[in-house]
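# Analysis of the macromolecular model
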Amino acid sequence: MIRDTSSQDAVIAAPKGQTTKRRLIIAAASVVVLAVGWYLFHNWRNTDHSVNISRLRIAEVGRGTLIRDAAVNGRIVAAVSPTLYAPSLATVTLQTHAGDTVKKGDVLAVLESPDLSDALKKEQAAYAQIEADVARQRILARKQKLLAQRDADTAEIDRLSAQRTLERYDAVSNEGIIAKIEYQKAKDALNSAAIRAKHADQASALESDNVALELESKIKQLEQQRSTLSNAQRRVDELTVRAPVDGFIGTLSVANRSVVPANTPLMTLVDLSRLEVELEVPETYVSDLGLGMTAEVNYGTGTANGKLSALSPEVVKNQVLARVRFNGEQPAGLRQSQRITARLLIDEKHDALMVQRGPFVESEGGRYAYVVRDGVAIRTPIKLGATSVSAVEILGGLKPGDKIVISGTETFENAERVSINN
């Protein structure tokens, strides 16, 4: 039988003072535990709610460059998108279909208007009649000029004849062969012939002016009729609807072989070589926008920069339409009415006190934020400045290094202090 070692065991007495030391350590530990418990209990009693930290987003306040921008939605539109109209009451024969690609000058539709065709024929007949009248007036003018010239030449011949008769009488008047009375008659005949020749010459000049004026009047009538004929021809030519630009047919507004009144939209032509971006900007940003402002357009497969080229003066459903023109060549692969997103770069502030943007900006009008200190979120008055898509400027109430709750405060119910649990 194997004996145990109890006979070999000896009782060793503890050193003096060790028991006291152990009791002091236990007492100190108890005091620390009680202090921590009291502190936690005190904080818990001073808080109105308790929220798990996993339900919150906390960001730190710091300094940096704040790029003030606005994120908006929009769509791709054609800068040139003409709508073609019917010039008059007519029957439409379409020569193309929606979606067809066309070139400038291609025939898109042919309109039939009997009224315009008849009006053109009448103007053509009137023009031919006046043209014949002008030709006839030219002949008549030449004839009248010839008759007037003939009368002037005849009067000049009579004057010369009377002058020669008087010269013969002068040659023999000293010899007493011619009676004095005959000599006086010869002088009177010369004076009379000279007067008739002078008047005939003046009458010929007046007749030339008269026929020239009548011919000019006929020519003016011909020019007026030519203008009227040209206008009638233009209206008939407009019945053949042609593409004003290269592009494709966007929409057809009428059916083939339908009768349409004047000024009826026929179709819309879209020029894809010149596209722009139409943005829907909330009216709260309008006061900060200006022409020439930089815009960054995200069209799905990439981004492109542009400039704000137009801003509508009208507010529709709390939004204002703005146009952005691409810098340089437009990106390839864009489609009409394609939805896009864009950032409008409004302003840039350096060394700004800012924090990441979150729902706290909209809650309570951005006048309060919950600052996290020692596991407690404290409701603190703040003052916000400029905002961007990702950050917001702090003008007062916070300092660099502060941590605030930027998301998840909807469950706080505006409590002054909220305990945050890990």
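Residues numbered from 1 in each chain as written. Predicted model: local features only at pLDDT ≥ 70, side-chain atom pairs only at ≥ 80, totals over all residues. Heavy atoms only, no water.

As recorded in an unreviewed UniProt entry, the protein chain goes by Efflux RND transporter periplasmic adaptor subunit and comes from Duganella dendranthematis.

### What about the overall build of the protein chain?
Across its full length, the protein chain carries three helices and 22 strands. When the 422 residues of the protein chain are sorted by exposure, 32% land in the buried category. Within the protein chain, contacts between residues at least 6 apart in sequence are counted, and of these 78% link residues at least 24 apart. Of the roughly 26,500 Å² of accessible surface on the protein chain, a fraction of 52% belongs to carbon and sulfur atoms. (Helix = DSSP H or I, 4+ residues; strand = E, 2+ residues; numbered from the N terminus. Buried < 20%, exposed > 50% of the residue type's maximum accessible area, 1.4 Å probe, protein only. Contact = heavy atoms within 4.5 Å. Areas by Shrake-Rupley, 256 points an atom, 1.4 Å probe, with all protein chains shown as cover.)

### Re the UniProt feature "domain: Galectin" (unreviewed entry) in the protein chain
When the UniProt feature table is mapped onto this chain, "domain: Galectin" (unreviewed entry) is found at residues 390-422. Counted over residues 390-422, helix gives 0% and strand 48%. Its end C-alpha atoms are 27 Å apart. (UniProt positions renumbered as here; feature names shortened; annotations may be inferred.)

### Observations concerning the UniProt feature "coiled-coil region" (unreviewed entry) in the protein chain
Per the UniProt record, "coiled-coil region" (unreviewed entry) is annotated on residues 205-242. Spanning residues 205-242, this segment combines 87% helix with 8% strand, and its end C-alpha atoms are found 55 Å apart.

### Some thoughts on the nonpolar core
In terms of nonpolar packing, the biggest core is built from 28 residues, with Val92, Leu108, Ala109, Leu111, Leu266 and Met267 touching the most fellow members. Residue assignment for this core shows that the elements contributing at least two residues are β5 (90-94), β7 (107-112), α2 (114-172), α3 (180-237) and β11 (265-270). Excluding residues that lie within four positions of it along the chain, Met267 makes contacts with Pro82, Thr83, Leu84, Leu94, Thr96, Leu108, Ala109, Ile249, Thr251, Leu252 and Ser253. Counting residues in hydrophobic clusters, the runner-up holds 25 residues, among them Phe248, Val277, Leu279 and Ala322. (Core = buried A, V, L, I, M, F, W, Y, C linked by side-chain atoms within 4.5 Å.)

### Thoughts on the sheet that holds strand β6 (residues 101-102)
Strand order across the open sheet formed by four strands is β4-β11-β9-β6, with antiparallel pairing between neighbours. Each edge of the open sheet carries a strand with a single partner, namely β4 (83-85) and β6. Judged from the four bridges that link them, strand β9 (residues 247-252) and β11 form a sheet pairing that is antiparallel. Counted as the bridge partner of Thr251 is Thr268 from β11. (Pairing = 2+ DSSP bridges.)

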